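# Coordinates in review
The lines below spell out each chain.
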Amino acid sequence: MQAIGIDIGGTKIAGGVVTEFGEIVDEERVATPAGDAGAIVDAVVDMITSLQARHPGVVAAGVAAPGFIDAAQSTVYYTPNIAWRNEPLRARLSERLDLHITIDNDANAAGWAEFRFGAGRLASDMTMLTIGTGVGGAIVAQDRLLRGGFGTGGELGHMRIVPDGLPCGCGARGCIEQYGSGRALLRIAGEVADEGGVGRALAQLRDESGELSGHDVSTLLQSGDPGAVEALRRLGTWLGQAAASLSAILDPQVFVFGGGVAQSGELLLAPVRAAYLEHLPARGYHPEPEFVIAELVNDAGVVGAADLARLHATDR
Ligand SMILES: [Zn+2]
């Protein structure tokens with residue numbers, strides 16, 4: 001049974017026809033009409049219509065969007081970069097499409113895809129942290145995606161780990177997003193550069209180009225530069241502390257790390273694991289979860305949105 005998944009990203013809208021085994025058999029993508037909520041809805045309708053025309057057997061379409069989505073998978077309470085405020089997106093799409101529609105948060109869709117078909121497929125309980133520009137999260141508890149009572153749960157990036165810490169874009173202070181994200185890695189790399197010592201190559205690159213970019217840091221990481229590795233170690237230490245707190249609440253068998261920064265693999269996971277063990281309550285007696293990198297790098301949103309829509313359409 002096939003379903004359509006649509007992932008509305010900041011720069012592109014990706015869509016695909018996905019089998020019940022998580023395979024994408026047809027794909028489309030267009031640039032996201034920036035800042036124009038109506039044009040985004042039009043683009044999603046066009047994409048679903050065209051995919052459905054080529055695959056008339058699809059049973060549902062799931063749309064993944066950033067922001068807060070209600071527990072009924074219908075209404076977008078809020079999106080950061082699109083002017084959706086309490087937007088009845090499911091109803092808007094349903095009135096123009098002859099197909100079962102659901103809406104989900106993009107990080108939740110990506111996490112669900114990892115749980116069903118990727119790095120979390122052998123677990124019943126999985127916590128995913130997506131380390132991109134910010135920090136996204138998804139929780140699967142006892143084989144179910146944990147959306148929370150209002151639908152806005154699993155926003156792991158805004159878990160506070162430093163009282164009165166750095167201000168966050170969400171309005172609070174000390175969120176893990178300010179210590180464990182790609183943007184935080186650049187700030188920490190700058191601190192390592194300022195300290196001299198192992199930060200020499202970082203400092204030199206910063207002097208040459210004016211400021212450090214994500215590309216600079218990842219190039220240095222690939223060459224094993226000790227300063228870049230140290231910056232990633234500090235980032236991983238924050239994430240490991242956060243994972244220890246999450247374990248006390250959720251007790252997952254596996255933590256999955258996705259997003260661009262997670263491409264550094266074991267260089268990130270080793271300090272995460274070390275800090276996790278150090279901060280774990282009742283350490284020594286708590287079974288150790290696995291720490292792994294996400295497997296469905298670019299397609300997770302599409303695959304997860306399609307699978308959640310298929311389950312919604314066929315389960316009830
Ligand atoms: Zn925050």
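Higher on the page you've got the structure.
Residues numbered from 1 in each chain as written. Predicted model: local features only at pLDDT ≥ 70, side-chain atom pairs only at ≥ 80, totals over all residues. Heavy atoms only, no water.

In this section: the packing of aromatic side chains. Per the stated rule, a full pass over the model turns up 7 aromatic pairs. Here W112 and F115 contribute two aromatic rings whose centre-to-centre distance is 5.2 Å and whose plane-to-plane angle is 35 degrees, an arrangement assigned as tilted. Here W112 and its partner F115 are both found in helix α3 (residues 106-117), 3 residues apart, which amounts to about one turn of the helix. Each member of the pair, W112 as well as F115, is classed as buried. For the ring pair Y179 and W238, a centre distance of 4.7 Å and an interplane angle of 50 degrees mean the geometry is tilted. With Y179 in helix α4 (residues 177-180) and W238 in helix α8 (residues 226-250), the pair connects residues that are 59 residues apart, well separated along the chain. When its relative accessible area of 7% is taken as the criterion, Y179 is described as buried. (Phe/Tyr/Trp six-rings, centres within 6.5 Å; stacked < 30°, edge-to-face > 60°. Helix = DSSP H or I, 4+ residues; strand = E, 2+ residues; numbered from the N terminus. Buried < 20%, exposed > 50% of the residue type's maximum accessible area, 1.4 Å probe, protein only.)

Attention shifts here to the sheet that holds strand β10 (residues 135-141). Backbone-to-backbone hydrogen bonds join strands into a sheet, with any given pair of strands oriented parallel or antiparallel. The strand order across the open sheet formed by 5 strands is β11-β10-β9-β12-β13, and the pairing between neighbours is mixed. In this open sheet, the two edge strands, each paired with only one partner strand, are β11 (144-145) and β13 (290-293). Summarising the sheet, strand β12 (residues 254-258) and β13 pair through 4 bridges and their orientation is parallel. By the bridge assignment for β13, V254 is matched with E290. Packing of helix α9 (residues 266-279) onto the sheet brings it into contact with β12 and β13, and relative to β13 it is tilted by some 155 degrees. (Pairing = 2+ DSSP bridges. Contact = heavy atoms within 4.5 Å. Axes fitted to C-alpha atoms, helices over the stretch in contact; angles between N-to-C directions.)

The next point concerns the environment of R92. With respect to the helices and strands, the residue R92 is situated in helix α2 (residues 89-94). Take R92: its relative accessible area is 35%, and that puts it in the partly exposed class. Each C-alpha atom of the pair R92 and G174 lies 37 Å from the other, and the pair is 82 residues apart in sequence. At a separation of 2.5 Å, a polar atom in the side chain of R92 contacts the side chain of E87. (Polar contact = N/O pair within 3.5 Å; in protein donor to acceptor, adjacent residues only side chain to side chain.)

In the first shell of the zinc ion, the protein supplies H158 (ND1), C168 (SG), C170 (SG) and C175 (SG), at 2.0 to 2.3 Å from the metal. Coordination geometry of the zinc ion: the 4 donor atoms subtend angles of 106 to 118 degrees at the metal centre, consistent with an arrangement described as tetrahedral. For the zinc ion, the single-chain donor residues occur in sequence as H-x9-C-x1-C-x4-C. According to the relative accessible area criterion, C168 is buried, its value standing at 9%. (Donors = N, O, S within 2.8 Å, 3.2 Å for Na, K, Ca; no water. Tetrahedral: all angles 85-135°; square planar, octahedral: opposite > 155°, others 65-115°.)

Okay, the packing of helix α5 (residues 182-194) against α8 next. Each pair of packed helices gets described by two things: the angle between the helix axes and the distance between those axes. The contact between α5 and α8 brings their axes to 9 Å, and the two run at 130 degrees. When the axes of α5 and α8 are compared, the pair comes out oblique. The two elements α5 and α8 meet at a crossing, and its hand is right-handed. Where α5 approaches α8, its residues A184, L185, I188, A189 and V192 are matched on the opposing element by G227, E230, A231, L232, R234 and L235. (Parallel < 35°, antiparallel > 145°, perpendicular 65-115°, else oblique. Left-handed = near helix turned anticlockwise from the far one by under 90°.)

It is worth spelling out the environment of Y285 at this point. Position of Y285 relative to the elements: it lies in the loop between α9 and β13. Classification of Y285 by relative accessible area gives exposed; the value is 77%. Taking C-alpha positions, Y285 is 35 Å from R183, a pair spaced 102 residues apart along the chain.

One pass over the full model with this rule turns up 15 salt bridges. Ionic contacts of the salt-bridge type, sharing partners, join the residues E195, E230, R233 and R234 into one network. (Salt bridge = Lys/Arg side-chain N within 4 Å of Asp/Glu carboxyl O.)

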